[in-house]
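Results of the structural survey
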Amino acid sequence: MTTHWILGPGAIGRLLAHSLAPLAEVAVIGRRPLPGQQILTTPEGETRAQHLPSFTAERLAAGAAAPPAFVHITTKAMVAEASLASVASVLPSSTPLVLWQNGFYAQPRISQTWHGPVLCATTTQGAYVTGDDSVVHAGRGPTLVGDLDNQHTALATTLAALLSNAGFTATAVGDIRSRLWQKLAVNAAINPLVALHGVRNGALRDDAYSGRVIAVVGEVATILEKEGIAPPNGGEGKAAWLALVWQVVENTANNKASMLQDMEAKRLTERGAILGPLIESAERHGLGCEVLKGLDQELALLEAEF
Ligand SMILES: NC(=O)c1ccc[n+]([C@@H]2O[C@H](COP(=O)([O-])OP(=O)(O)OC[C@H]3O[C@@H](n4cnc5c(N)ncnc54)[C@H](OP(=O)(O)O)[C@@H]3O)[C@@H](O)[C@H]2O)c1
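What counts and how
- Residues numbered from 1 in each chain as written.
- Predicted model: local features only at pLDDT ≥ 70, side-chain atom pairs only at ≥ 80, totals over all residues.
- Heavy atoms only, no water.
- Pairing = 2+ DSSP bridges.
- Helix = DSSP H or I, 4+ residues; strand = E, 2+ residues; numbered from the N terminus.
- Axes fitted to C-alpha atoms, helices over the stretch in contact; angles between N-to-C directions.
- Phe/Tyr/Trp six-rings, centres within 6.5 Å; stacked < 30°, edge-to-face > 60°.
- Buried < 20%, exposed > 50% of the residue type's maximum accessible area, 1.4 Å probe, protein only.
- Contact = heavy atoms within 4.5 Å.
- Nonpolar A, V, L, I, M, F, W, Y, C, P; charged D, E, K, R; others polar.
- Domains from an automatic or database assignment.
- Buried area = accessible area lost by both parts, 1.4 Å probe.
- Salt bridge = Lys/Arg side-chain N within 4 Å of Asp/Glu carboxyl O.
- Patch = residues over 30% accessible without salt bridge, like charges linked within 9 Å, V, L, I, M, F, W, Y side chains within 5 Å.
- Areas by Shrake-Rupley, 256 points an atom, 1.4 Å probe, with all protein chains shown as cover.
- Near = heavy atom within 4 Å.
- Polar contact = N/O pair within 3.5 Å; in protein donor to acceptor, adjacent residues only side chain to side chain.

1. Some thoughts on the sheet that holds strand β8 (residues 118–123)
- Strand order across the open sheet formed by 8 strands is β5-β2-β1-β6-β7-β8-β11-β12, with mixed pairing between neighbours. Here the strands that pair on one side only, and so sit at the sheet edges, are β5 (54–56) and β12 (169–172). Between one strand axis and the next, the sheet turns by 25° as a mean value, whatever way the strands run.
- Direction of pairing for strand β2 (residues 25–30) relative to β5: parallel, over a ladder of 3 bridges. Bridging from a neighbouring strand, Ile29 pairs with Phe55 of β5.

2. Describing the packing of aromatic side chains
- Under the definition given, this model contains 2 aromatic pairs.
- Pairing Trp100 with Phe168 gives two aromatic rings, centres 5.8 Å apart and planes at 75°, and the pair type is edge-to-face. Of this pair, Trp100 sits in the loop between β7 (97–99) and α4 (106–113) while Phe168 sits in the loop between α5 (153–165) and β12, placing them 68 residues apart in sequence. Across the pair, exposure class does not vary: Trp100 and Phe168 are buried alike.
- With 5.2 Å between their ring centres and 40° between their planes, Phe104 and Trp181 make a pair best called tilted. Taken as a pair, Phe104 in the loop between β7 and α4 and Trp181 in helix α6 (residues 176–197) lie far apart in primary sequence, 77 residues in all.
- The class of Phe104 is buried, set by a relative accessible area of 11%.
- Judged by relative accessible area, Trp181 falls into the buried class, the value being 2%.

3. Let's talk about the sheet that holds strand β3 (residues 37–41)
- The 4 strands are arranged β4-β3-β10-β9 in an open sheet whose pairing can be described as mixed. At either end of the open sheet lies a strand with only one pairing partner, and these are β4 (47–51) and β9 (126–131). Here the strands of the sheet are splayed against their neighbours by 25° on average, with no regard to which way each runs.
- Bridge count between β3 and strand β10 (residues 134–139): 3 bridges; the pairing is parallel. Bridge pairing links Ile39 to Ser134 in β10.

4. Focus: the packing of helix α7 (residues 207–226) against helix α11 (residues 290–304)
- Where α7 contacts α11, the two axes come as close as 8 Å, and the packing angle between them is 115°. Packed against α7, whose contacting residues are Arg212, Ala215, Val216, Glu219, Val220 and Ile223, the element α11 presents Glu290, Val291, Leu292, Leu295 and Glu298 at the interface.
- Across the contact of α7 with α11, the residue classes tally to 7 nonpolar, no polar and 4 charged.

5. A word on the environment of Glu227
- Mapped onto the fold, Glu227 is located in the loop between α7 and α8 (237–251).
- Look at Glu227 and you get buried, because its relative accessible area is 11%.
- When the C-alpha atoms of Glu227 and Leu278 are compared, they prove to be 9.6 Å apart, with 51 residues separating the residues in sequence.
- Excluding its chain neighbours within four sequence positions, the residues that come into contact with Glu227 are Arg177, Trp181, Ser281, Arg284 and His285.

6. Examining the domain arrangement of the protein
- What the domain assignment lists for the protein is domain 1 (3–174) and domain 2 (177–304).
- For domain 1 and domain 2, the distance between their C-alpha centroids amounts to 26 Å.
- Buried surface at the junction of domain 1 and domain 2, both sides included, amounts to about 1,400 Å², of which 64% is carbon and sulfur.
- Looking only at domain 1, the three residues that lose the most surface to domain 2 are Lys76, Asn102 and Phe104, adding up to 40% of its buried area.
- Linking domain 1 with domain 2 are 1 salt bridge.

7. Focus on a nonpolar patch on the surface
- A surface patch of nonpolar side chains, amounting to about 330 Å² of accessible area, comprises Met78, Val79, Leu268 and Phe306.
- Mapped onto the elements, Met78 comes out in the loop between β6 (70–73) and α3 (80–87).
- Take Met78: its relative accessible area is 37%, and that puts it in the partly exposed class.

8. A short note on the site of the ligand
- Residues in close proximity to the ligand total 24 residues, the closest being Ile12, Arg31, Asn102, Ala127 and Glu270.
- For the ligand, an oxygen atom lies 2.9 Å from a polar atom in the backbone of Ile12.
- Here an oxygen atom of the ligand sits 2.9 Å away from a polar atom, N or O, in the main chain of Ala127.
- Of the residues contributing to the shell around the ligand, the split by class is 8 nonpolar, 11 polar and 5 charged.

9. Here's the deal with the environment of Arg140
- Relative to the helices and strands, Arg140 resides in the loop between β10 and β11 (142–146).
- A relative accessible area of 49% places Arg140 in the partly exposed class.
- Apart from the residues within four sequence positions on either side, Arg140 is in contact with Pro43, Glu44, Thr124 and Gln125.
- Looking at Arg140, its side chain comes within polar contact range of the side chain of Glu44, at 2.6 Å.

Now the structure itself:
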C-alpha cells in the first residue's frame, strides 16, 4: 500500500483522507492533533466512521511515520508554503506533492522551489467541516490533475486512477495551468462580490450586482488573453467568459461561496490567490485593473478588522 500524507486536515483534506483510507495508508497532518476516529457524511446523508491517523509536524520530526509516496497539501493557498516547510525536514526532496488549492498562488511558487514532482489538482468536489472529528461531503464533481510544465504525465495518470478508485471522478490533463486560471477567472467574478455584499451566488444576477460582475469579467478577459488562456467552450473573448460566469452563478445560485463563509467567520480569505495573480499579471502586461484592485482593497479593509 502506498502512503499518502495529507497536510492540512480541513474540509478537502479530510474528504481526501476518508476517500483514500480504504485503498492506501493515510496520515493527516495538522497544526494540532485531531481525534483518530473521524466521521464523514456523504452527499446522500449517510455517515461513515473511520480511523484516520493524525500527526502534528513535531511528531513527524520525531520519526513518527514512514516517508510517504505522495504529500497532498490541502491547506488554504496562503499557508501552503509554510505548511510544507513544517514537514520538509522529514521528507525526501524527491517526494511528489499534490497541491489542491484554488487560485494560482501556491502552485507556481512551490513548483519552482520543490525538487520533486509537483502535481496540481483542481476539484469541484464540495466539502465543509462541522467539528474536529466530522466533515460533510456536500457535493460531487470532477477533479483534474496535472503539473504546470507537463513533465509528469505518467504520475498524474497514476494519481488520477487512484483518486477515481477512491470515489473522486479524476482525470489527468496536459493543460492544468489553463484549467487553474479558468477556475480562478470564475472565482474572481463571483467570490469577492458575494463576500463583500454578504449574498449567495444567485443574487449576482440582480441589477444591484450584475453590472459589477460584467466589469470584473471585462478586466479578467483582457488579462487572460495576455496570459494565453483560451476563452472557455470554444467561445470568443469577454462574451465567452461572461457566459461561463453566468452559467456557474445559475448552477450554484443557492451556494455560499467559500470567501463569503470565510468573511462571516472572520477568517482571512484567499483573495491573494484569486485576485492577486490577476492584478500581478495586469501590472506585468501594463493593463489597467482598477475594478480588481478595488475589490482586493475592499476585502483587505474588512480583513484588517478581524
Ligand atoms: N472545501 C471545498 O469544498 C473546496 C473545494 C475546492 C477547492 N478547495 C480549496 O482547497 C483548499 C483547502 O480548502 P478547505 O475548504 O479544505 O479549507 P479548510 O477547511 O480551512 O482547511 C484547511 C486546513 O489547513 C490547516 N492548516 C492551516 N495551516 C496549517 C499548517 N501550517 N500546517 C498544517 N495544516 C494547516 C487548517 O487547520 P486549522 O483547523 O488548525 O486552522 C485546516 O485544517 C483551499 O485552497 C480551497 O480553495 C476547497
